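Residue-level structure breakdown
Here is what each chain is made of, one letter per residue.
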Amino acid sequence: MLGLTIVQAVELIRQGMTTAQALADAVRAGRAQVTAPLGPDEVAAHIDAAIAAAASAGDAAAQRIENRP
Amino acid sequence: MKPLIGALIAAIFLTACATAAVNPSADQTQRARAQAVRVADSVTTGLGIVTQVGQTLDTLSLPAAQRTAFDCAVLSVTGTSVPASAAVTAACGPVPLAAQSKLTQALTLLKTVSTCPSLQATAGSVLQVFEPLIVKLTQSGNATLAMAGTALQLTVSLTRQLAESATCSA
C-alpha cells in the first residue's frame, strides 16, 4: 500500500536508527574535550571520503537513468 | 604624556586582537578541525541515505518521470565522475563533473578551515546543497521517499546544530 516491502521499510528504519545513533555520538563527542590532535591530513581524509561518496551516488543516479527504458 | 601612553596601550591591545584574529590558537584550530571531520562524516551519512533511496527507487510504484527527477536532483548536487552520457544530459540537462559540483567545492573548502566562524560558514554551504534533495523527497507524495527525506533532513539539521554549537566557539 505504501509502495515498499517490509524488508525495505525495516532497512530504512534501521538506517534511520543508525543515523540517529551516529549523530547522538557526534554530539556527545563534540561536547567532550578534543584529546587527540587532528592534523590537516586526517581532516582531508574524512572530507575525501565524503567527496568519493558523492561521486559514487552521482554515478549510480546516472546509471539508473541510462538503464531506464 | 598620558595620552601618548594611552595610545600606546590601545595600539598594543588592537595589535594583539588583530593577531589573534589572523592566527587562531592551536586549540581553536583543533576544535574547528574536529567539527569539520564531523560535518564531513555527516555528509557521508546523508549520502548513504541518498544511495539507499537510489537502490530502492526503481522498485517503487512511482512514475518514471518522478524517479528520473529524483536522480537528476542527485546529479545536480553530486555531478558524475566521468562526463554524463547523452541520455543523462537529455533527461537532466547539463550535469557537472563531480570535481566541479557544488558539494565537492564546498567540501574542498572545508579542508582549509582553521577557525569556528569559517567552519560554520563553510558547513552552512555544504549543508545548503542538500536542501533541494530534501524538498524533492519530502514532497514526493511517496511514503518511502518522504521517510528518507525526513532522515536526510534530520541529518542535515543536526549537523548544522553541531557546527553552530557552543563547543566550537568555546
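What this report covers is the structure whose coordinates are included nearby. Here the structure is a predicted model, which means the values were calculated and not measured.

In the structure shown here, the tally under the stated rule is 6 salt bridges over all chains. A salt bridge links B:D58 to A:R68, with the nearest nitrogen and oxygen atoms 3.0 Å apart. In this pair, B:D58 is assigned in the loop between α2 (26-57) and α3 (64-78) and A:R68 in the segment after α2 (40-67), connecting two distinct chains. With a relative accessible area of 37%, B:D58 lands in the partly exposed category.

Turning to the nonpolar core, a few remarks are in order. Membership of the largest hydrophobic core comes to 53 residues, with the highest contact counts inside it found for B:L103, B:L107, B:F130 and B:L133. Contributing elements (two or more residues each) for this core: α2 of chain A together with α2, α3, α5 (102-110), α6 (116-128), α7 (131-138) and α8 (143-163) of chain B. Examining the composition of this core, we find that 11 residues originate from one element, α2(B), more than from any other. Leave out the neighbours within four places in its chain, and B:F130 touches B:V43, B:L47, B:L103, B:L152 and B:V156.

Residue and element names in this part refer to chain B. Inspection of α7 places L133, I134 and L137 among the buried residues, and these make up the whole buried set. Down the axis of α7, the buried side of the element spans an arc of 100 degrees, and every buried residue falls inside it. Tucked inside the fold, the buried residues of α7 contact α2, α3 and α8.

Turning to α8(B), a few remarks are in order. All names here are of chain B. An ideal rise of 1.5 Å per residue puts 30 Å on 21 residues; α8 measures up with 30 Å between its terminal C-alpha atoms. Regarding α8, the residues found buried are T144, L145, A148, G149, A151, L152, T155, V156, T159, L162 and A163. Angular distribution of buried residues about the axis of α8 spans 160 degrees; they occupy a single face of the element. The opening residue of α8, the one whose side-chain oxygen lies 2.9 Å from the backbone nitrogen of T144, is N142.

Rules and cut-offs
Residues numbered from 1 in each chain as written. Chains lettered and ligands numbered in written order. Predicted model: local features only at pLDDT ≥ 70, side-chain atom pairs only at ≥ 80, totals over all residues. Heavy atoms only, no water. Salt bridge = Lys/Arg side-chain N within 4 Å of Asp/Glu carboxyl O. Helix = DSSP H or I, 4+ residues; strand = E, 2+ residues; numbered from the N terminus. Buried < 20%, exposed > 50% of the residue type's maximum accessible area, 1.4 Å probe, protein only. Core = buried A, V, L, I, M, F, W, Y, C linked by side-chain atoms within 4.5 Å. Contact = heavy atoms within 4.5 Å. Arc of directions from axis to C-beta. Expected span 1.5 Å × (residues − 1). Polar contact = N/O pair within 3.5 Å; in protein donor to acceptor, adjacent residues only side chain to side chain.

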